Amino acid sequence: MYKISPSILSADFSDLKSEINKIVEGGADYIHLDVMDGLFVPNITFGAPVIKNLRKITNKPFDVHLMIERPERYIDDFVDAGADIITVHQESSVHLHRTIQQIKNHGIKAGVSLNPATPIETIEYVLENLDMVLIMTVNPGFGGQSLIKEMKEKVMKLRSIIEEKNLDIDIQVDGGVKLDNIEEIKSWGANIFVVGSGIFKAKDIKSETQKYKEILF
Ligand code: DX5
Ligand code: ZN
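Scoring rules and cut-offs
Residues numbered from 1 in each chain as written. Chains lettered and ligands numbered in written order. Predicted model: local features only at pLDDT ≥ 70, side-chain atom pairs only at ≥ 80, totals over all residues. Heavy atoms only, no water. UniProt positions renumbered as here; feature names shortened; annotations may be inferred. Helix = DSSP H or I, 4+ residues; strand = E, 2+ residues; numbered from the N terminus. Contact = heavy atoms within 4.5 Å. Donors = N, O, S within 2.8 Å, 3.2 Å for Na, K, Ca; no water. Tetrahedral: all angles 85-135°; square planar, octahedral: opposite > 155°, others 65-115°. Buried < 20%, exposed > 50% of the residue type's maximum accessible area, 1.4 Å probe, protein only. Axes fitted to C-alpha atoms, helices over the stretch in contact; angles between N-to-C directions. Left-handed = near helix turned anticlockwise from the far one by under 90°. Nonpolar A, V, L, I, M, F, W, Y, C, P; charged D, E, K, R; others polar. Phe/Tyr/Trp six-rings, centres within 6.5 Å; stacked < 30°, edge-to-face > 60°. Lys NZ or Arg CZ within 6 Å of the ring centre and 35° of its normal. Pairing = 2+ DSSP bridges. Arc of directions from axis to C-beta. Near = heavy atom within 4 Å. Polar contact = N/O pair within 3.5 Å; in protein donor to acceptor, adjacent residues only side chain to side chain. Areas by Shrake-Rupley, 256 points an atom, 1.4 Å probe, with all protein chains shown as cover.

A. Structural context of the UniProt feature "binding site: substrate" (unreviewed entry) in the protein. In the numbering used here, UniProt assigns the feature "binding site: substrate" (unreviewed entry) to Ser-7, His-65, Gly-141, Phe-142, Gly-143, Gly-144, Asp-174, Gly-175, Gly-176, Gly-196 and Ser-197. Along the chain, Gly-141 falls in the loop between strand S6 (132–136) and helix H5 (151–164). Once residues within four sequence positions are removed from consideration, Gly-141 is found in contact with Met-36, Val-41, Asn-43 and Met-67. With respect to the secondary-structure elements, Ser-197 resides in helix H7 (residues 197–200). Ignoring anything within four residues of it in the chain, the contact list for Ser-197 reads Ser-10, Gly-144, Lys-178 and Ala-202.

Written out as structure tokens, the structure reads:
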């Protein structure tokens, strides 16, 4: 039920193969891939061709977080590249319901992400179609930022809605998750934890990944 999804955003991009192997050996459940277009967020990372090549390294599920404008234009490319979960931002897709269906029609999992300022109510009418909701606990665009404390209430509210409606939806948190706050965030009701700098800036990436795993169980 509890999963760690290390984000390679803070990894050494000149050596992604060995960086990914280290988190896999440390017990990573998913690999979190942050795609940024320089428009939706003020940063540019990588796209589907890079992910397609990374697919050769591991069979671990690829958790693809699209921080791009009008993500519906690229869903097919990311599915073809090997995504197992595609998460789009509520703020980036006008026809969000259609975009979610587009993802699900490929037989993979669909997630929707909410920026810190976006209320949960904005996804009320698509919630039952989702496999995951990603609550951003920082403003998206960069690794290494501090968790925004107001997101506690948001995660707790979402957990209670999911329980009230008896839905099977994961709550992922992304941004500022560290060894010293992950237990608290778990107590809010999140069950999938994205960790970027907390893992990749550590001296020993494999053993740091193991520490996150151990603390959850
Ligand atoms: C931020 C990305 C995150 C980022 C998290 O926009 O979506 O996945 O890698 O990094 P940390 O864990 O360093 O806050
Ligand atoms: Zn992310």
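Text resumes after the structure shown.
B. Seen up close, the coordination of the zinc ion (ligand 2). Taken together, the protein donors to the zinc ion (ligand 2) comprise His-32 (NE2), Asp-34 (OD), His-65 (ND1) and Asp-174 (OD), at separations of 2.0 to 2.3 Å. Around the zinc ion (ligand 2), the six donor atoms sit at angles spanning 69 to 169°, and that spread fits a shape best called octahedral. Mapping the donors of the zinc ion (ligand 2) onto the primary sequence yields the spacing H-x1-D-x30-H-x108-D. Placement of His-32 in strand S2 (residues 31–36) and of Asp-174 in strand S7 (residues 170–174) is noted, with a sequence separation of 142 residues between them. What makes Asp-174 buried here is its relative accessible area of 8%.

C. Focus on the packing of helix H1 (residues 16–25) against helix H8 (residues 205–216). Relative orientation of the contacting elements H1 and H8 amounts to 35°, with a least axis distance of 7 Å. For H1 against H8, the interelement crossing comes out right-handed. Of the residues in H8, those in contact with Glu-19, Lys-22, Ile-23 and Glu-25 of H1 are Ile-205, Lys-206, Thr-209 and Gln-210. When its residues are assigned to classes, the contact of H1 with H8 shows two nonpolar, two polar and four charged.

D. A look at the packing of aromatic side chains. Scanning the entire structure with this criterion turns up one aromatic pair. Between Phe-13 and Phe-46 the ring centres are 5.9 Å apart and the planes differ by 55°, which places this aromatic pair in the tilted class. Taken together, the residues span a long stretch of sequence, with Phe-13 in the loop between strand S1 (3–6) and H1 and Phe-46 in the loop between S2 and helix H2 (48–54) at a distance of 33 residues. Overall, Phe-46 belongs to the buried group, its relative accessible area being 9%. Across the ring face of Phe-62, the terminal group of Arg-55 is positioned such that the distance to the ring centre comes to 3.7 Å.

E. Just the sheet that holds S6, in detail. In space, the eight strands of this open sheet follow the order S1-S8-S7-S6-S5-S4-S3-S2, with parallel pairing throughout. Unpaired on one side and paired on the other, S1 and S2 mark the two borders of the sheet. Adjacent strand axes in the sheet meet at a mean angle of 25° when their direction is disregarded. One ladder, built from four bridges, connects strand S5 (residues 109–114) with S6; its direction is parallel. The residue of S6 that forms the bridge with Leu-114 is Ile-135. Contacting S5, S6 and S7, H5 crosses the sheet at an angle of about 165° to S6.

F. Geometry of helix H4 (residues 96–104). By the burial criterion, the buried members of H4 are Leu-96, Thr-99, Ile-100 and Ile-103. Each buried residue of H4 lies within a common arc of 100° when the element is viewed along its axis, so the set occupies one face. Lining the buried residues of H4 we find helix H3 (75–81), strand S4 (85–89) and S5.

G. Layout of the site of ligand 1. In the region of ligand 1, 20 residues are neighbours, and Asp-34, Gly-141, Gly-144, Asp-174 and Ser-197 sit closest. A distance of 2.8 Å separates an oxygen atom of ligand 1 from a polar side-chain atom of Asp-34. Gly-196 has a polar backbone atom sitting 2.8 Å from an oxygen atom of ligand 1. Contact with the protein chains covers 100% of the free accessible surface of ligand 1, which is 380 Å². Contributions of two or more residues to the shell around ligand 1 are made by S2, strand S3 (62–67) and strand S8 (192–195). Per-element accounting of the shell around ligand 1 gives the leading share, three residues, to S2.

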